[in-house]
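# Coordinates in review
Listed below, chain by chain, are the residues.
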Amino acid sequence: MLGEKVLMKGNEAIGEAAIRAGCQLYFAYPITPQSELPQYLARRMPEEGRVFLQAESEIAAINMVYGAAGTGARVMTSSSSPGISLKQEGISYIAGAELPCVIVNIVRGGPGLGGIQPAQSDYFQATKGGGHGDYRLIVLAPASVQEMVDLTILAFDLADKYRNPVMILGDGVLGQMMEPVEFKAVEPANIPKPWATTGRKGREKNIVNSLYLDPSRLEEHNRHLQEKYKQIAENEVRYDSYRSEDAEVLVVAYGITARIARTAVEMARADGLAAGLLRPITLFPFPADAIAQAAEGAEALLTVELSAGQMVEDVRLAVNGKKPVYFYGRTGGMMPTPEEVYREILKVAGKEVAE
Amino acid sequence: MKVVFERPRALSDVTSHYCPGCTHGIIHRLVAEVIDELGILERTIGVASVGCSVLAYNYLECDWQQAAHGRAPAVATGIKRSLPDRVVFTYQGDGDLASIGTAEIVHAANRGERLTVIYVNNAIYGMTGGQMAPTTLEGQVTATTPLGRDVSRAGHPMRMAEMLATLPGVSYLARVAVNKPANIMRAKKAIKQAFMVQIDDLGFGMVEILSTCPTNWGLHPVKALEWVDEAMVPYYPLGEFKVPGEVKEE
Amino acid sequence: MARVEFNVDRCKGCELCTAFCPQKIIKLAEGINKMGYHPAAVEEMDKCTGCAICARVCPDCVITVYK
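Keep in mind it's a predicted model, so treat the numbers as computed, not measured.

Turning our eyes to something else, we now look at the overall build of chain B. Per the secondary structure count, chain B includes nine helices and eight strands. Over its C-alpha atoms, taken along the principal directions, chain B stretches across nearly 50 × 50 × 35 Å. Residue burial in chain B is summarised as follows: out of 250 residues, 59% are buried. By sequence separation, contacts in chain B at least 24 residues apart represent 67% of the contacts at least 6 residues apart.

This is the structure we're talking about:
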């Protein structure tokens, strides 16, 4: 199906993209709303002579990822919010040991068992840590099934390039919806991994490890990690914008919410109100400079999320008090309509809104 | 005169952090001797766990990964599935394997992962300072069972070898001790078998090794060896619980 | 004729070798090593049979045996 467009569900598209990117092993535990992904790979990975393994838990799955990533193989796991919480211990170890891997979170509403409907309430967990210690994931937020493909392929390259875990932060809508996608020819970045534990034949022994009992060495390790995150922030910011150049009201939204917000922006423009949209594609690194720049000409900003207000904190930090930043969110799996978001744009613009 | 006993090549030439008389050192040496005898140093990857043996990666000359507490069998599964022709072993204590890591060990064994597990049972938490382990014996005094382990509240000591022997994926399972010369020889033979079932692709192999903790038991190292026979062996009987016909004879 | 050699500065003085030596010729030395332990030592080396039991019970791989 190279080059031609095929109709695929988002979850399955991630699976196929992982295969194209050279993912050799996939470990996961079933959870709604991402189970189509393990189901797809349960069939496809053996077809390609690769490893699919249904682990006994999310904890085991992420630790299998640790082990396999430590051998230098491209490896992936996926889950949804409660399962990602379980993986946090392993993610912290992976970040500490600087192992490349891809972690997919098809977010559902929380906290706790929450529900199975789409949400964006894991933004803090994905971008601010989640597990213990000072670490960062590279976080990619697709807004279409095609982008799920493209960003999954990119995720594997970034993981290898920076020896860092990369998270695909999707949501239940993107995971479940079908759209036409194109699989372009992929040339996975071939980055040498001399640190991998493959058996010490012909070299000194390698140790994959995150333990530094000497405080000065642990601080040195942390400095090295922070330097790496700084480089990632300098090189890997990605975002998309729609009519943001002359926007009086700048809407900031990511993922599925950005698509709803874009329709709302179009409605505003049709009514003569200069609205625009800035859509972060990388949530870490966050496109703070782009937002600050786009905010310069705006009267106000409106962040829309499927959460009680998480990314809005980063938007406020980006704007640094220079412009008012408003928030509109729905939670629990409830989705805002474009009309709802348009009403918020009108309010933010100081227009009369008929309740 | 020729050398009849010396440091095995696979054992690093360093001073360990283990307390005087702690038999972790003997077990490390036995694993190193087996690695040397099988000629597998250059294709072996060890997985260190959390506990006193957390620094095991400093003591054996093979490649290593250091795993989160209890997760060594999952990490080892990831390594082995990625590199099926390598030899992968975990080195885990009783807190790691029999408490926080029960799910990982049970399922790795049940899948028949081609792994070798060195399971060190000394009936106490060493690294954290002598608290109750899942293997702590009834009545045994520890930092968190100051009046002795009361099984009606703290549960019973867990016999992991017997439990895991019920799983069809397990190919070799033995319990040995390293408290006297004859037992040390038997322990080495069991460790070798547990590596050989992996190399021969027969399934999961594990050796539970009764070990001492003189420091946290509050016993002189020599008395600690005696306590293994007096207190541990009656509850944790030594022997082979599962042996595949194919590699029974050396 | 056999002989044992102790890597003195690696010895932690745990006395497992002294307990198991069939000839009972291993004792802790009066002096201390660089870790601060009284290390194991043999005074009557001519009684050593080279059985290597001391080396096999040593947790710190201190002993090399010649025969």
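Moving on to the overall build of chain C. The secondary structure content of chain C amounts to two helices and four strands. For 67 residues, the compact-globule estimate of 2.2 N^0.38 gives 11 Å, and the C-alpha radius of gyration of chain C, at 11 Å, lies within 12% of that figure. For chain C, the spread of C-alpha atoms along the three principal axes comes to 30 × 20 × 20 Å.

Turning to the arrangement of the chains, a few remarks are in order. In this assembly two pairs of chains touch, with chains A and B having more contacts than any other pair. The two units chain A and chain C remain apart, with a minimum C-alpha distance of 20 Å.

Moving on, we get to helix α8 (residues 215-235) of chain A. An α-helix turns once every 3.6 residues. As a result, residues three or four positions apart point the same way. Under the 1.5 Å per step criterion, the end-to-end length of α8 of chain A is 30 Å for 21 residues, consistent within 8% with the ideal 30 Å. Counting buried positions over the 21 residues of α8 of chain A gives zero, only a small fraction of the element.

If pLDDT is low for a region, its predicted coordinates should not be looked at in detail. Averaged over chain C, the pLDDT score is 97; the fraction of residues at 70 or greater is 100%. Here the predicted complex carries an ipTM of 0.97, next to a pTM of 0.97.

Take the nonpolar core next. Counting residues in hydrophobic clusters, the biggest one holds 223 residues, and the most contacted among them are Val251 of chain A together with Cys54 of chain C. The leading source of residues in this core is helix α6 (residues 145-162) of chain A, at 11 residues. Contacts of Val251 of chain A, omitting those with residues within four sequence positions, involve Ala261, Val265, Ala275, Gly276, Leu277, Leu302, Val304 and Ile345 of chain A.

The next subject is the interface of chain C and chain B. Accessible area lost upon the coming together of the parts is a frequently used measure of interface size. Listed as interface residues are 24 residues of chain C and, on the opposing side, 23 residues of chain B. Tallied by class, residues from the side of chain C that touches chain B come to 14 nonpolar, three polar and seven charged. Bridge count for strand β1 (residues 3-5) of chain B against strand β4 (residues 63-66) of chain C is two bridges, and the pairing is antiparallel. From the neighbouring strand, Phe5 of chain B faces β4 of chain C, where its bridge partner is Val65 of chain C.

Contact with chain B, which involves 28 residues of that partner, is made by 33 residues of chain A. Elements supplying a minimum of two residues to the side of chain B that touches chain A: β2 (44-48), β3 (63-66), α2 (72-82) and α4 (102-110) of chain B. With eight residues, α2 of chain B is the largest single contributor of residues to the side of chain B that touches chain A. Considering only residue class, the side of chain B that touches chain A consists of 13 nonpolar, seven polar and eight charged. Judged from the two bridges that link them, strand β9 (residues 207-208) of chain A and β3 of chain B form a sheet pairing that is parallel.

Spatially, three strands are ordered β1(B)-β4(C)-β1(C) in an open sheet, and the strand pairing comes out antiparallel. Each edge of the open sheet is held by one strand with a lone partner, namely β1 of chain B together with β1 (3-6) of chain C. On average, adjacent strands in this sheet sit at an angle of 35° to one another, irrespective of strand direction.

Residue and element names in this part refer to chain A. At a minimum axis separation of 8 Å, helix α9 (residues 255-270) and helix α12 (residues 338-348) run at an interaxial angle of 60°. By the angle class used here, α9 and α12 are oblique. Considering only the axes of α9 and α12, their crossing is right-handed. On α12, the residues that touch Ile260, Ala261, Thr263, Ala264, Met267 and Ala268 of α9 are Pro338, Val341, Tyr342 and Ile345. Residues of the contact of α9 with α12, tallied by class, amount to nine nonpolar, one polar and no charged.

On to the sheet that holds strand β8 (residues 239-242) of chain B. The strand order across the open sheet built from eight strands is β9(A)-β3(B)-β2(B)-β4(B)-β5(B)-β7(B)-β6(B)-β8(B), with neighbouring strands paired in mixed fashion. Each edge of the sheet is formed by a strand with only one pairing partner; in this case those strands are β9 of chain A together with β8 of chain B. Where strand β6 (residues 170-177) of chain B and strand β7 (residues 204-210) of chain B come together, seven bridges link them in parallel fashion. Looking across to β7 of chain B, one finds that Val170 of chain B is bridged to Phe204 of chain B. The sheet strands contacting helix α1 (residues 24-38) of chain B are β2, β5 (116-121) and β7 of chain B, and the helix crosses β5 of chain B at an angle near 165°.

Our focus in this paragraph is the packing of helix α1 (residues 10-20) of chain A against helix α2 (residues 36-47) of chain A. Residue and element names in this part refer to chain A. Two elements in contact, α1 and α2, have axes whose closest approach is 7 Å; the angle formed by their N-to-C orientations is 40°. By the angle between their directions, the pair α1 and α2 is classed as oblique. Handedness of the α1/α2 crossing: right-handed. Residues Asn11, Glu12, Ile14, Gly15 and Ile19 of α1 lie in contact with α2, whose contacting residues are Glu36, Leu37, Tyr40, Leu41 and Arg44. Of the residues belonging to the contact of α1 with α2, the class tally is five nonpolar, two polar and three charged.

Quick look at the environment of Tyr236 of chain B now. All names here are of chain B. Following the sequence through the fold, Tyr236 ends up in the loop between α9 (221-235) and β8. Given 22 C-beta atoms within a 10 Å radius, Tyr236 is considered buried. Note: C-alpha distance between Tyr236 and Asp201 (35 residues apart in sequence) is 28 Å. Excluding residues within four positions of it along the chain, Tyr236 makes contact with Asn121, Arg159, Arg175 and Leu210.

This part takes up α2 of chain B. In terms of burial, α2 of chain B is a largely internal element, 11 of the 11 residues being buried. Among the residues of α2 of chain B, Ala72, Pro73, Ala74, Val75, Ala76, Thr77, Gly78, Ile79, Lys80, Arg81 and Ser82 of chain B are the ones counted as buried.

All right, on to the environment of Met267 of chain A then. Residues and elements named next belong to chain A. Among the structural elements, Met267 can be located in helix α9. Counting along the chain gives 71 residues from Met267 to Pro338, while the straight-line C-alpha distance between them is 8.3 Å. Residues in contact with Met267, not counting those within four places in the same chain, are Pro338 and Tyr342.

Let us look at unusual backbone geometry. Excluding glycine, most residues fall at negative phi; most peptide bonds, likewise, are trans. Residues and elements named next belong to chain A. Between Thr32 and the following residue, Pro33, the backbone shows a cis peptide bond with an omega angle of 5°. Although it is not a glycine, Arg163 adopts a positive phi angle of roughly 50°. Position of Arg163 relative to the elements: it lies in the loop between α6 and β7 (165-171). On the basis of neighbour counts, which here come to 17 C-beta atoms within 10 Å, the residue Arg163 falls in the partly exposed class. Positive phi, close to 55°, is recorded for Asn320, a residue that is not glycine. Among the structural elements, Asn320 can be located in the loop between α11 (311-319) and β15 (325-329).

This part is about the environment of Ser99 of chain B. Residue and element names in this part refer to chain B. Looking at the element boundaries, Ser99 is found in helix α3 (residues 94-100). Ser99 sits 30 residues away from His69 along the chain, and the two C-alpha atoms are 9.7 Å apart. Residues contacting Ser99, with those up to four places away along its chain left out, are Ala133 and Pro134.

What counts and how
- Residues numbered from 1 in each chain as written.
- Chains lettered and ligands numbered in written order.
- Predicted model: local features only at pLDDT ≥ 70, side-chain atom pairs only at ≥ 80, totals over all residues.
- Helix = DSSP H or I, 4+ residues; strand = E, 2+ residues; numbered from the N terminus.
- Buried ≥ 20, exposed ≤ 12 C-beta atoms within 10 Å, placed from the backbone.
- Contact = placed C-beta atoms within 7 Å.
- Rg over C-alpha atoms; globule rule 2.2 N^0.38 Å.
- Expected span 1.5 Å × (residues − 1).
- pLDDT = per-residue confidence, 0-100.
- Core = buried A, V, L, I, M, F, W, Y, C linked by C-beta atoms within 7 Å.
- Nonpolar A, V, L, I, M, F, W, Y, C, P; charged D, E, K, R; others polar.
- Pairing = 2+ DSSP bridges.
- Axes fitted to C-alpha atoms, helices over the stretch in contact; angles between N-to-C directions.
- Parallel < 35°, antiparallel > 145°, perpendicular 65-115°, else oblique.
- Left-handed = near helix turned anticlockwise from the far one by under 90°.

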